[in-house]
Amino acid sequence: MTMTSKPLLIELFTEELPPKALRRLGDAFAQSIVNDLTKANLTPAGVAFQSYATPRRLAVCVENVLTQAPEQAFAEKLMPVKVGLDAEGKATPALLKKLASKGLDNIDVASLKKISDGKQDYLVAEGMAPGAQLTQSIQSIIDHALESLPIPKVMRYQLADGKTTVKFVRPAHGLVVLYGADIIPAEVLGLQSGRTTHGHRFMGKASFDLKDASSYAQQLADEGKVIASYEERLNNIRQALTQKADELNLTIGQDSAVDDLLEEVTSLVEHPTIYVGQFEEKFLAVPQECLILTMRLNQKYFPLFDKNTGKLSHRFLIVSNMEVKDPHHIIEGNERVVRPRLADAEFFFNTDRKQTLASRVPLLGTIVYHNKLGTQLARVERVRAIARFIAEKLGANTEYADRAAFLAKADLTSNMVGEFPELQGIIGAYYAKGDGELPEVAQAIADQYLVRFDAPVSTHNLISVVLFIAERIETLVGIWGIGLLPTGERDPYALRRAALGIISAFDALNNAEYFNGLNKLTLIDVLQFAQQLFEQAGIAVSANTAEEVQEFIFERLRNQLQTHNDRFVVEAVLALKPHLDEVADRVNAVSYFNTLPEASSLAAANKRIGNLLKKVEGDIPAVDNSKLTDAAEIALAKVIDEVTPIAKAHFEKSEFTQALQCVAQTRDAVDAFFNDVMVMAEDPAIRQNRLALLNKLHGVMNLVADLSKLAQ
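Residues numbered from 1 in each chain as written. Predicted model: local features only at pLDDT ≥ 70, side-chain atom pairs only at ≥ 80, totals over all residues. Heavy atoms only, no water.

Points about the overall build of the chain
- Looking only at helices and strands, the chain has 26 helices and 20 strands in total.
- Taken over 712 residues, the chain has a buried fraction of 48%.
- For the chain, the share of sequence-separated contacts (at least 6 apart) that also reach a separation of at least 24 residues comes to 68%.
- Roughly 34200 Å² of accessible area belongs to the chain as shown, and the carbon and sulfur atoms make up 49% of that amount.
- Between the centroid of the 75 positive side chains of the chain and the centroid of its 90 negative side chains there is a distance of 4 Å. (Helix = DSSP H or I, 4+ residues; strand = E, 2+ residues; numbered from the N terminus. Buried < 20%, exposed > 50% of the residue type's maximum accessible area, 1.4 Å probe, protein only. Contact = heavy atoms within 4.5 Å. Areas by Shrake-Rupley, 256 points an atom, 1.4 Å probe, with all protein chains shown as cover. Lys, Arg positive; Asp, Glu negative; His and termini not counted. Charge placed at Lys NZ, Arg CZ, Asp CG, Glu CD.)

Quick notes on the sheet that holds strand β15 (residues 250–251)
- Pairing is antiparallel across the open sheet formed by four strands, whose spatial order is β15-β17-β18-β16. In the strand order of this sheet, the two ends are held by β15 and β16 (273–278), each with one partner.
- The pairing of β15 with strand β17 (residues 302–306) spans two bridges and is classified as antiparallel. By the bridge assignment for β17, L250 is matched with D306.
- Sheet contacts for helix α9 (residues 328–352): β16 and β18 (312–320); angle to β16, the most-contacted strand, approximately 50 degrees. (Pairing = 2+ DSSP bridges. Axes fitted to C-alpha atoms, helices over the stretch in contact; angles between N-to-C directions.)

Structural notes on the domain arrangement of the chain
- Under the domain assignment, the chain is made up of domain 1 (5–69 + 134–224), domain 2 (72–129), domain 3 (230–353), domain 4 (358–564) and domain 5 (594–710).
- Distance between the C-alpha centres of domain 1 and domain 5: 69 Å. (Domains from an automatic or database assignment.)

Observations regarding the pattern of salt bridges
- Per the counting criterion, the structure on display carries 37 salt bridges.
- Taking the shortest distance from any N to any O, the salt bridge between K696 and D641 comes out at 2.6 Å. Placement of K696 in helix α26 (residues 684–701) and of D641 in helix α23 (residues 631–652) is noted, with a sequence separation of 55 residues between them.
- Judged by its relative accessible area of 37%, K696 is partly exposed. (Salt bridge = Lys/Arg side-chain N within 4 Å of Asp/Glu carboxyl O.)

Notes on the pairing of strand β7 (residues 155–158)
- Where β7 and strand β8 (residues 165–168) come together, four bridges link them in antiparallel fashion. Counterpart to Q158 in the pairing with β8 is T165.
- Taken together, β7 and the strand that follows it, β8, pair antiparallel across an intervening segment of six residues, in which G162 is found at a positive phi of about 75 degrees.

Focus on the side chain of T92
- As for its placement among the helices and strands, T92 is situated in the loop between α2 (81–84) and α3 (93–101).
- There is a polar contact of 2.8 Å between the side chain of T92 and the backbone oxygen of V83.
- If near-sequence neighbours (up to four positions away) are discounted, T92 is found in contact with V83, G84, L85 and D86. (Polar contact = N/O pair within 3.5 Å; in protein donor to acceptor, adjacent residues only side chain to side chain.)

Describing the sheet that holds strand β6 (residues 121–129)
- Spatial ordering of the open sheet is given by β4-β6-β5, a layout of three strands whose pairing is antiparallel. A single partner strand is all that each edge strand has here, and the edge strands are β4 (72–80) and β5 (113–116). Averaged over all pairs of adjacent strands, the angle between their axes in this sheet comes to 35 degrees, without regard to strand direction.
- Taken together, the eight bridges between β4 and β6 define a ladder with antiparallel strand orientation. Its bridge partner lying in β6, M79 is registered against L123.

Focus on unusual backbone geometry
- Its identity is not glycine, yet L189 carries a phi of approximately 50 degrees, on the positive side.
- With respect to the helices and strands, L189 occurs in the loop between β11 (187–188) and β12 (191–192).
- Positioned with a positive phi, K225 is a non-glycine residue whose angle comes to about 55 degrees.
- Among the secondary structure elements, K225 is positioned in the loop between α5 (216–222) and α6 (230–247).

Examining the environment of V226
- Within the element layout of this structure, V226 appears in the loop between α5 and α6.
- The exposure class assigned to V226 is buried, which follows from its relative accessible area of 1%.
- In this structure, the C-alpha to C-alpha distance between V226 and R201, residues 25 residues apart in sequence, is 9.6 Å.
- Contacts of V226, omitting those with residues within four sequence positions, involve T54, R57, G199, H200, L220, A221 and E270.

Things to note about the packing of helix α16 (residues 462–481) against helix α18 (residues 523–536)
- Where α16 meets α18, the axes come as close as 9 Å, and the angle between the chain directions of the two elements is 60 degrees. Considering the angle they form, α16 stands oblique to α18. α16 and α18 meet at a crossing whose hand is right-handed. Contacts between α16 and α18 involve I473, E474, V477 and G478 from the former and L523, V526, L527, A530, Q531 and F534 from the latter.
- Taken together, the residues of the contact of α16 with α18 sort by class into seven nonpolar, two polar and one charged. (Parallel < 35°, antiparallel > 145°, perpendicular 65-115°, else oblique. Left-handed = near helix turned anticlockwise from the far one by under 90°. Nonpolar A, V, L, I, M, F, W, Y, C, P; charged D, E, K, R; others polar.)

Dropping the structure here:
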């Protein structure tokens, strides 16, 4: 049979779709269509297709779609032979009914095969079934695509008949289903399929007919003045923004907010055009973060920066949905809109500056943090105590840490944060500098809301990392302690992010060149200290909060580490709950150890020792060398005595690889011991002494990690 193959176009034309969801909607719509066509064998796996998404349409054009899929071999298990055939081998009424229900009533009963499942024989119908037809399949394929869309919020609206109510992300007004140049009948959301699409609201034809599926993108561009491809629009906008900025010897910047805004404006326009706007330079006296935020967040403008200094300029770029010969009306209109917002920012800033940051702290007593945890002022006092505790452990200036924690949340009472909550910490740092606070204090206030602490730690930002950890420790212990644990995808207090932030901070501390290793901040110690603060304040938190939060943090770390490391290595390290800042180095050391020829033998021995020691009741005494009689146990004792001080010395210097190399030297003696010595001797004294020897070995073997976890 000759297979006919043509391109297939499906377009759903709607009212303006939610911009932040447009890319996902377009990709999901196209992928669902392609997947279902492939499942029906109407397209080959990996078929070429093009996804389209504009503010008012979702579409896909799939190449090489068959009119009808090839015949498919089938094998249908029917029923037991004894039920389907009578004593003479003829079909029973039950079999005939089954065949009819499967559309196999024309099949010759004699052609049915018999197979056994080991218990009884079954009748099986085999043959070739006709392939799916595109015209009969298209309706269910489109329905499934719409049902499976990741719609952020569904709308209910009434159809033109004034009676029928349907649900979709936005009201739909047109459906195109073209197979080559032919319309395939389909109906969704009260719309009948056709070939009519719609152009740009003002620049293109209001509606026009498509010639065929392949001409879709070109006709939309030529007649409709619409760039249908999301990726093409995004790349065009990026290129035009960069070109315009270069002409002005400025830059749009490279931070992630630029990419986010680029995605958003791509979802807002169908025919992007770039214009240059500007505002009065006097507004540059306001902290640039305020101006940048209001331009990006509220107006969807791209602020422009000096290429050398990175400072904000008084110019910005507008991504317009209109291309006109004389754009001065568009530019002036946008400038008029942004000016009052910048003036508001200037007013808030100047008003806030009339009051010191420190004088705002008492006002935090009027802001409830959580009804079970008190006010923001009470929270500040807890963070101050935790910050002093951490600073002392790290050898940082406790007065600086206390001052940073005291002022950290004061900007919550400012006009600027009231208008722009995203500026918490950032604006506080500006106010702190203006009040003459120490640079380290102001920087800590700015850094407290970082997602991760990735900057190298030095004496200049040590107070920042102290406050960063203290703020998250207080959040985790408090929120966890009152039972508000993350569940599934829900994490309203961002505890997972707080845990990941703490991990990043400890990692930064580990990599700090100034850090001499003498002052160690232990995660469980600071968690227990924070728990005591809540308890002393009369706040009822779970008795095991510190331990549970530690496990929660280690679980986040486990997930991170297993992405790039052997999971058995990760488990071996985390089983000991080591200092958080040592984990990465320990994992690297154990990964190296695991490549040594001694590793598998020692891991197995370690597991065996652990199992033996679990059976011991009471304390295990020290080794009595006078009771060592077997040559293998004497040799092992000697090796342990030689290796232990060297391994411990390396361990105390955080030289974990060298410590494990020392452990590797025990393999021959350990193997000989287990080959020649009966640990569980009949004599209780000898048995106890041998267990004591193994206990001593176990301790040095597991300095860096629980090596038994490497045994597979």
